[in-house]
Amino acid sequence: MQQRLKLGVNIDHVATIRQARGTDYPDLLEAAHCCEAAGADGVTIHLREDRRHIQDADVWRLRRKCRLPINLEMANAPSIVRIALAVKPAEVCLVPERRQELTTEGGLDVLGQFASMRRTVARLRDAGIVVSIFIEPSERQLAAAAQLGAPVVELHTGAYANARGAHQQRELRRLLRAAAFAHGLGLQVNAGHGINLENIGGILQLPWLDTLNIGHSIVARAIFCGLKQAIREMRAALRPYRRGAC
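Heads up: these notes are all about the structure in this document.

Rules of the game
Residues numbered from 1 in each chain as written. Predicted model: local features only at pLDDT ≥ 70, side-chain atom pairs only at ≥ 80, totals over all residues. Heavy atoms only, no water. Helix = DSSP H or I, 4+ residues; strand = E, 2+ residues; numbered from the N terminus. Expected span 1.5 Å × (residues − 1). Buried < 20%, exposed > 50% of the residue type's maximum accessible area, 1.4 Å probe, protein only. Contact = heavy atoms within 4.5 Å. Salt bridge = Lys/Arg side-chain N within 4 Å of Asp/Glu carboxyl O. Core = buried A, V, L, I, M, F, W, Y, C linked by side-chain atoms within 4.5 Å. Axes fitted to C-alpha atoms, helices over the stretch in contact; angles between N-to-C directions. Parallel < 35°, antiparallel > 145°, perpendicular 65-115°, else oblique. Left-handed = near helix turned anticlockwise from the far one by under 90°. Nonpolar A, V, L, I, M, F, W, Y, C, P; charged D, E, K, R; others polar. Pairing = 2+ DSSP bridges.

Residues spaced three or four apart along an α-helix point in a common direction, a consequence of the helix completing one turn every 3.6 residues. With twelve residues, helix α11 (residues 227-238) should reach 16 Å at 1.5 Å per residue; the first-to-last C-alpha distance of 17 Å fits that figure. Of the residues making up α11, those classed as buried are Leu227, Ala230, Ile231, Glu233, Met234, Arg235, Ala237 and Leu238. Tucked into the core, α11 has its buried residues touching β1 (6-10), α2 (28-37), α9 (200-203), β8 (209-214) and α10 (216-225).

Below is the structure:
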C-alpha cells in the first residue's frame, strides 16, 4: 500500500500576529485544533532564543492539549535543550539560528558542530524524543547527520523555492540526489522551507519523502480563505505523491 505523504503545519506566524500587538489572540491552541480538523498530521513550532513568536508557555500548553504530535524546532542551545527535555515533544528538529535573520537561513553545519550536536542528539534520544536535523542537500552533511544517530533529516528546500528557471532546476536536482542518498543511509526524509502551492510540483518529484513541514505559505493563504481551507488545499496538493518515484 502506498504511504501517504504527511503534512506538518508550522503555526509560528499565527504567534507572530499575536506578538505584534502583545495580545492573547489569535490563540495557538485554536490554530492547532484547526490543523487537526483540516487533516494535518502534526504541528510544528520553533522556540527561538529571542522568543520573537512562540513563547515557552505555548510549548507547554500545546504539548498538554494538542492532540497532534508536536515537532519542536530549536537551536542547539543549552537553555532550549533543557526545555525540550522537560516538555518531551514527539519530535525535535535541530535548526541553525541567527538573531538578525528574518527566518531560518540554510541548513545546519553538522560537520562543523559534530561533537556538541552528538551530545545533544544522544540526550534527546535517551529522553524518547525523535530527533531530526534540518540540513542542506549535501551528501557530506547527510552522512555526518547519519553518524550523529539522528533518525530523521529535513532537507532545506529554501534555495529551490527562491530560485527560478534553470537555477531552480539545478536546485531540484540537488534535492533529488540528496533524498535518494539519505534514504540509502537509512534516514527518514522530510523536507521544508519556502514550499507553497506554486512550487510544490517540483518537491513532489523527490523520492522517499515522509513529511513536508509547511508554515508561512499556509498562514498567508489563510488570510483570504481561513486556516482550515488553506490546510485542506495543501493537503490536496500532496495527494498525487508517489513515495519511491523520481
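Next comes the rest of the account.
With that settled, consider the pattern of salt bridges. One pass over the full model with this rule turns up ten salt bridges. In this structure, aspartate 50 engages arginine 52 in a salt bridge whose closest nitrogen and oxygen atoms are separated by 3.1 Å. Overall, arginine 52 belongs to the partly exposed group, its relative accessible area being 26%. In this structure, the salt-bridge partner of glutamate 171 is arginine 174, at a minimum N-O distance of 2.9 Å. Residue glutamate 171 and its partner arginine 174 are both found in helix α8 (residues 165-184); the two are separated by three residues, about one turn of the helix. Residue glutamate 171 is classed as buried on the basis of its relative accessible area of 11%.

To continue, consider the nonpolar core. Counting residues in hydrophobic clusters, the biggest one holds 79 residues, and the most contacted among them are Ile11, Ile133 and Leu212. When residues no more than four places from it in sequence are discounted, the contact partners of leucine 212 are Leu5, Lys6, Leu7, Gly8, Ala191, Ile195, Ile200, Ile203 and Leu238.

Looking now at the environment of isoleucine 195. Locating isoleucine 195 in the fold gives a position in the loop between β7 (188-192) and α9. With twelve residues separating them in the primary sequence, isoleucine 195 and histidine 183 have C-alpha atoms 21 Å apart. Residues in contact with isoleucine 195, not counting those within four places in the same chain, are Thr157, Ile200, Ile203, Leu212, Ile214 and Ser217.

Another aspect to go through is the packing of helix α3 (residues 56-65) against helix α4 (residues 78-87). In the contact formed by α3 and α4, the axes pass within 11 Å of each other and the chain directions differ by 20 degrees. The orientation of α3 relative to α4 falls into the category roughly parallel. Every pair of crossing elements has a handedness; the one defined by α3 and α4 is right-handed. Note on element contacts: α4 touches α3 through Ile83, Ala86 and Val87, opposite Asp56, Val59, Trp60 and Arg63. For the contact of α3 with α4, the per-class residue count stands at five nonpolar, no polar and two charged.

Turning our eyes to something else, we now look at the sheet that holds β1. Strand order in this closed barrel of eight strands is β1-β2-β3-β4-β5-β6-β7-β8, and the pairing throughout is parallel. Across the sheet, the axes of successive neighbouring strands diverge by a mean angle of 25 degrees, strand direction being ignored. In terms of strand pairing, strand β3 (residues 70-74) meets strand β4 (residues 91-94) through four bridges, oriented parallel. Its bridge partner being in β4, methionine 74 is matched across the sheet by leucine 94. In this fold helix α5 (residues 114-126) packs onto β4 and β5 (130-135), with an angle of close to 145 degrees to the strand it touches most, β5.

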